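Each chain is listed here by its residues.
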Amino acid sequence: MAGAGGGGNDVQWCFSQVKGAIDDDVAEADIISTVEFNHSGELLATGDKGGRVVIFQQELESKNQPQCRGEYNVYSTFQSHEPEFDYLKSLEIEEKINKIRWLPQKNAAQFLLSTNDKTIKLWKISERDKRPEGYNLKEEDGRYRDPTTVTTLRVPVFHPMDLMVEASPRRVFANAHTYHINSISVNSDCETYLSADDLRINLWNLEITDRSFNIVDIKPANMEELTEVITAAEFHPNQCNTFVYSSSKGTIRLCDMRASALCDQHSKLFEEPEDPSNRSFFSEIISSISDVKFSHSGRYMMTRDYLTVKIWDLNMESRPVETYQVHEYLRSKLCSLYENDCIFDKFECCWNGNDSVVMTGSYNNFFRMFDRGYRQDVTLEASRESSKPRSVLKPRKVCTGGKRKKDEISVDSLDFNKKILHTAWHPQDNIIAVATTNNLYIFQDRL
Amino acid sequence: MEYKVEAHRIMSISLGKIYNSRVQRGGIKLHKNLLVSLVLRSARQVYLRDYYGGICLSAQQAREWCEGEYMDSEQDKLVPGSTESLPESDGQSEVAVDKQEPSNVVESHAALDVESEASGEQDHAENGVLDSGCSELKTPEESPEASPTCEVSNVVTTISSNCISGPPPSNPKQATETPNGCQTDDGESVEEKLHEPIVPHTCTNRKRSADDSELTDSLPKKTKVMSSTLISKNDEKKAETEEMDTSNVSSLITIFGSSFSGLLSSEDGAQPDSEAEDSDSGQICCDQMLKNLNPWSTAIVAF
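Residues numbered from 1 in each chain as written. Chains lettered and ligands numbered in written order. Predicted model: local features only at pLDDT ≥ 70, side-chain atom pairs only at ≥ 80, totals over all residues. Heavy atoms only, no water.

Digging into the overall build of chain A
Helix and strand counts for chain A come out as two helices and 32 strands. Here chain A holds 447 residues, and 52% of them are scored as buried. Across chain A, the fraction of contacts at a sequence separation of at least 24, relative to all contacts at a separation of at least 6, is 54%. Taken as a whole, chain A presents about 21000 Å² of accessible surface, with 48% of it coming from carbon and sulfur. (Helix = DSSP H or I, 4+ residues; strand = E, 2+ residues; numbered from the N terminus. Buried < 20%, exposed > 50% of the residue type's maximum accessible area, 1.4 Å probe, protein only. Contact = heavy atoms within 4.5 Å. Areas by Shrake-Rupley, 256 points an atom, 1.4 Å probe, with all protein chains shown as cover.)

Okay, here's the thing in structure tokens:
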């Protein structure tokens, strides 16, 4: 697989598709809140603030157009979560889908986990393209026949029908979290998964909905002593006993479930000492980790905090092996970003299929890719203007000061309402899905 | 100086965020509020350090003044309707909330710092609280009317587990106008004295204990009151706003110093229920302050 683009390696990213309304007036329910490819990359799922899940399926590559990979078209849409009301606490529970995780495919059906703040659901997505016809006792429309008119017997046979994709909730995992769920992660054993909220992590069996094991609990006895919360958690891709969780203080803890039932004692603690020269009122906020992702190999993990992406080697806890500045020019603007709440935005990050490139989002509908091997980075934009089919995306540049060159954008003209928080990379190919506020852009490399 | 202004602004913004988070859909977000409280704490520390630095300059003068006046005033500190001007100002600087407290603690910076640092992490707020007493002493410079708020502020600040400080409650302006009836002349003289940086009198642990339980309940309520007051006062003049924000902040500071529970009360479903009654509890000595607080009690109950 090729890299980020530009310079030493030749990947050029082209616009492929955009999904969603063109309207500038964004309905709150349409705001995309999560994006995830399945394990083969054939399916792409998005969740939104309205509690809906939309699944796109990649069309088979056309033999007529070998230059084009298949397009993604809507495969299934369903309402995963509804708004709820907690009567005891007089609190509304948002239906916003926080995370979607696919299960590895075992049979013809597809399974995914989707979660809102409090409840996780296992959905089965199955296809139906045949229907039985020729019943003896029923007409085709379902009405019962008059038994006296039945003179012969026949065996019903399956006839093809228009493809119907059905989504049905197979399991509902509820009432296990007091605080807001921020992560779910399926174990490599394909039997268990974890769910993490601000203070606790629970281990579930996919078959059992009425109980879960609490494996991490950082709630202090006295809530007044609360200093950090859990911000993300993930299972190791290969080792079913290992998982990590990140905190609002910028630390990552790796835990081994073989060590004890309750993994409050970490096996490894990954923390980089703070640079005292960068200390400000907002140092704690910007060091809070918003996402943690293992590499496909399982050797590395990536963390995203407000201004940087860091790659950690699991064998070295003292500091990350690589640090990439996503938008360092925002460091001097932290106060304004605090005022308009942008400093609390939780950006996600993702690896490409062979762990050579990482990608994350920024503001002004920019997203960034960092090529680890070639030590290059590129900034691209997801916008309707560059949305002609197969048009190559032009690298963007933010001017940090001094004279603004042509085609550069100054920091002050960045639109902080246009943020890319969710991105996903196809597990094998150079196809990426980038979510702006209410649109999903699909880009692929130029073949 | 600009750090102080900036810190103050950040504190106000943070309080606004915490206030707004209570009405957001989906319930209070623990993570965001934790981060906001950390910012609030950092800003407060800078703000108070700034004050503190200024106060240290004439600590000597202040010490003399305090020692001279304080012993007289402390008896009157929390007496409602007291006509002593000195107690007002002294009370404010003092932080001693309890009438029963016989001794005034006039501490040097070093002592203050040592005490603060000794307490450990939970006392960060307390540290700030201690300092806020100091900082509040400065407010008269901005608006001389701040002095009479001492009693209420004292009440408010006592909440912290180990320290007392006397941030004036919001609306010091009103409080000042008729602090205790016949204060006016004395008030001026007091103000003059207050203009000198005064070493903050930190209440030592022993002072606080008597009042802790009573005041604890009042604090969360006051915090909320402060928040709402804070927001409603956005249109006022900067000096007044600053002053009131300071008092709001100070009150909230003590909340954060002593507990996160104010923040989490709705998260956990518990509602502070005895607040309304505490608003009129005996610790509030100044009649005017009482009048000011009553309208707030409805706001409190609303929360």
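Now that the structure has been shown, we can carry on.
Notes on the overall build of chain B
When helices and strands are tallied, chain B shows 14 helices and zero strands. For chain B, with 303 residues in total, the buried portion stands at 62%.

Details of the environment of Lys 99 of chain A
Residue and element names in this part refer to chain A. Take Lys 99: it is sitting in strand E8 (residues 99-102). For Lys 99, a relative accessible area of 10% translates into the label buried. Sequence separation between Lys 99 and Asn 182 is 83 residues; the distance between their C-alpha atoms is 7.5 Å. Apart from the residues within four sequence positions on either side, Lys 99 is in contact with Thr 34, Leu 113, Ser 114, Thr 115, Asn 182, Ser 183, Ile 184 and Glu 348. For Lys 99, the side chain forms a polar contact with the main-chain oxygen of Asn 182, separated by 3.2 Å. (Polar contact = N/O pair within 3.5 Å; in protein donor to acceptor, adjacent residues only side chain to side chain.)

A few points about the sheet that holds strand E26 (residues 366-371) of chain A
Residues and elements named next belong to chain A. With antiparallel pairing, the four strands of this open sheet are ordered in space as E24-E25-E26-E27. With partners counted over all chains shown, the strands left at the sheet margins are strand E24 (349-351) and strand E27 (376-381), one partner each. For this sheet, the mean inter-axis angle between neighbouring strands, taken without regard to orientation, is 20°. Alignment of E26 against E27, held across six bridges, turns out to be antiparallel. What sits directly across from Arg 368, in E27, is Thr 379. (Pairing = 2+ DSSP bridges. Axes fitted to C-alpha atoms, helices over the stretch in contact; angles between N-to-C directions.)

Notes on the sheet that holds strand E14 (residues 200-205) of chain A
All names here are of chain A. On the basis of which strands lie adjacent, the open sheet formed by four strands has the order E12-E13-E14-E15 and antiparallel pairing. Both outer strands of the open sheet, strand E12 (183-186) and strand E15 (208-217), are each paired with one neighbouring strand and no more. Here the average twist between neighbouring strands, direction ignored, is 25°. As defined by bridge partners, E12 adjoins strand E13 (residues 192-196) across four bridges and the pair is classed as antiparallel.

Let's talk about the pattern of salt bridges
Under the defined criterion, the tally for this structure stands at 38 salt bridges over all chains. The shortest N-O distance in the salt bridge between Arg 9 of chain B and Glu 6 of chain B comes to 3.7 Å. One end of the pair is Arg 9 of chain B and the other is Glu 6 of chain B, both in helix H1 (residues 2-21) and three residues apart, which spans about a single turn. Residue class for Arg 9 of chain B comes out partly exposed when judged on its relative accessible area of 34%. Each of Glu 92, Glu 94 and Glu 95 of chain A together with Arg 25 and Lys 29 of chain B takes part in salt bridges that share partners, so that together they form one network. (Salt bridge = Lys/Arg side-chain N within 4 Å of Asp/Glu carboxyl O.)

Examining the interface of chain A and chain B
Residue-level contacts link 32 residues of chain A with 34 residues of chain B. When chain A packs against chain B, close to 3000 Å² is buried across both sides, 60% of that on carbon and sulfur atoms. Of all residues in chain A, Glu 224, Phe 281 and Tyr 338 of chain A give up the largest surface area on contact with chain B, accounting jointly for 24% of the area buried on that side. Inspection of the chain A/chain B interface yields seven salt bridges. Notably, a salt bridge pairs Glu 339 of chain A with Arg 9 of chain B, separated by 2.8 Å at the nearest N-O pair. Summed over the shared surface of chain A and chain B, the result is 11 residue pairs in polar contact (both at pLDDT 80 or more). Contributions of two or more residues to the side of chain A that touches chain B are made by strand E7 (91-93), helix H1 (283-287) and helix H2 (334-339) of chain A. The element best represented in the side of chain A that touches chain B is H2 of chain A, accounting for three residues. By residue class, the composition of the side of chain A that touches chain B is 13 nonpolar, seven polar and 12 charged. (Buried area = accessible area lost by both parts, 1.4 Å probe. Nonpolar A, V, L, I, M, F, W, Y, C, P; charged D, E, K, R; others polar.)

With respect to the confidence of the model for chain B
Caution applies to low-pLDDT parts of the model: their predicted coordinates are not meant to be read in detail. Residue and element names in this part refer to chain B. When the pLDDT values of chain B are averaged, the result is 49; 17% of them are 70 or greater. Overall, residues 73-246 carries pLDDT values under 50, and its contacts beyond four positions in sequence, including any with other chains, amount to 429 contacts. Long-range and interchain partners of residues 256-303, a stretch whose pLDDT sits below 50, account for 116 contacts in this model, where long-range means more than four residues apart. This complex was scored by the predictor with a pTM of 0.69 and an ipTM of 0.90. (pLDDT = per-residue confidence, 0-100.)

Some details on the nonpolar core
Nonpolar side chains in soluble globular proteins tend to be buried together. Residues Phe 282, Tyr 306, Leu 330, Tyr 338 and Ile 343 of chain A are the most contacted members of the largest nonpolar core, which totals 39 residues. Among the elements of the structure, H1 and H2 of chain A together with H1 and helix H2 (30-57) of chain B are those that each provide at least two residues to this core. For this core, the element with the most residues is H2 of chain B, which contributes nine residues. Every residue in contact with Tyr 306 of chain A, bar those within four places of it in the chain, is listed here: Ile 286, Ser 288, His 327, Leu 330, Leu 334, Leu 337, Cys 342, Ile 343, Asp 345, Phe 347 and Tyr 363 of chain A. (Core = buried A, V, L, I, M, F, W, Y, C linked by side-chain atoms within 4.5 Å.)

A few points about the pairing of E12 of chain A
If a strand is regular, its side chains alternate between the two faces of the sheet. Going residue by residue along E12 of chain A, you find Ser 183 and Ser 185 of chain A tucked away on one face and Ile 184 and Val 186 of chain A tucked away on the opposite face as well. Linking two consecutive strands that pair antiparallel, namely E12 of chain A and E13 of chain A, is a turn of five residues; a positive phi of about 60° is found at Cys 190 of chain A within it.

As for the side chain of Ser 246 of chain A
Tracing the backbone through its elements, the reader meets Ser 246 of chain A in strand E17 (residues 242-247). Engagement of the side chain of Ser 246 of chain A in a polar contact is seen with the side chain of Thr 231 of chain A, the distance being 2.7 Å.

With respect to the pairing of strand E23 (residues 322-325) of chain A
Residues and elements named next belong to chain A. Burial along E23 is one-sided: Glu 322 and Tyr 324 are buried, while Thr 323 and Gln 325, pointing the other way, are not. Across four bridges, the pairing between strand E22 (residues 308-313) and E23 is antiparallel. Across the sheet, Ile 311 pairs through a bridge with Glu 322, a residue of E23.

Thoughts on the packing of aromatic side chains
All names here are of chain A. Going through the model one piece at a time under the given rule, you end up with 21 aromatic pairs over all chains. Each ring, one from Trp 13 and one from Trp 425, has its centre 5.5 Å from the other, and the planes form 80°; the classification is edge-to-face. Placement of the pair is Trp 13 in strand E1 (residues 13-19) and Trp 425 in strand E30 (residues 422-425), with a sequence separation of 412 residues. Take Trp 13 and Trp 425: they sit in the same class, and that class is buried. Aromatic side chains Phe 270 and Trp 312 sit 5.9 Å apart centroid to centroid with 80° between the ring planes, which places their arrangement in the edge-to-face category. Residue Phe 270 is located in strand E19 (residues 268-270), and its partner Trp 312 is located in strand E22; the two are separated by 42 residues in the primary sequence. For Phe 270, a relative accessible area of 0% corresponds to the buried category. You can call Trp 312 buried: its relative accessible area is 1%. (Phe/Tyr/Trp six-rings, centres within 6.5 Å; stacked < 30°, edge-to-face > 60°.)

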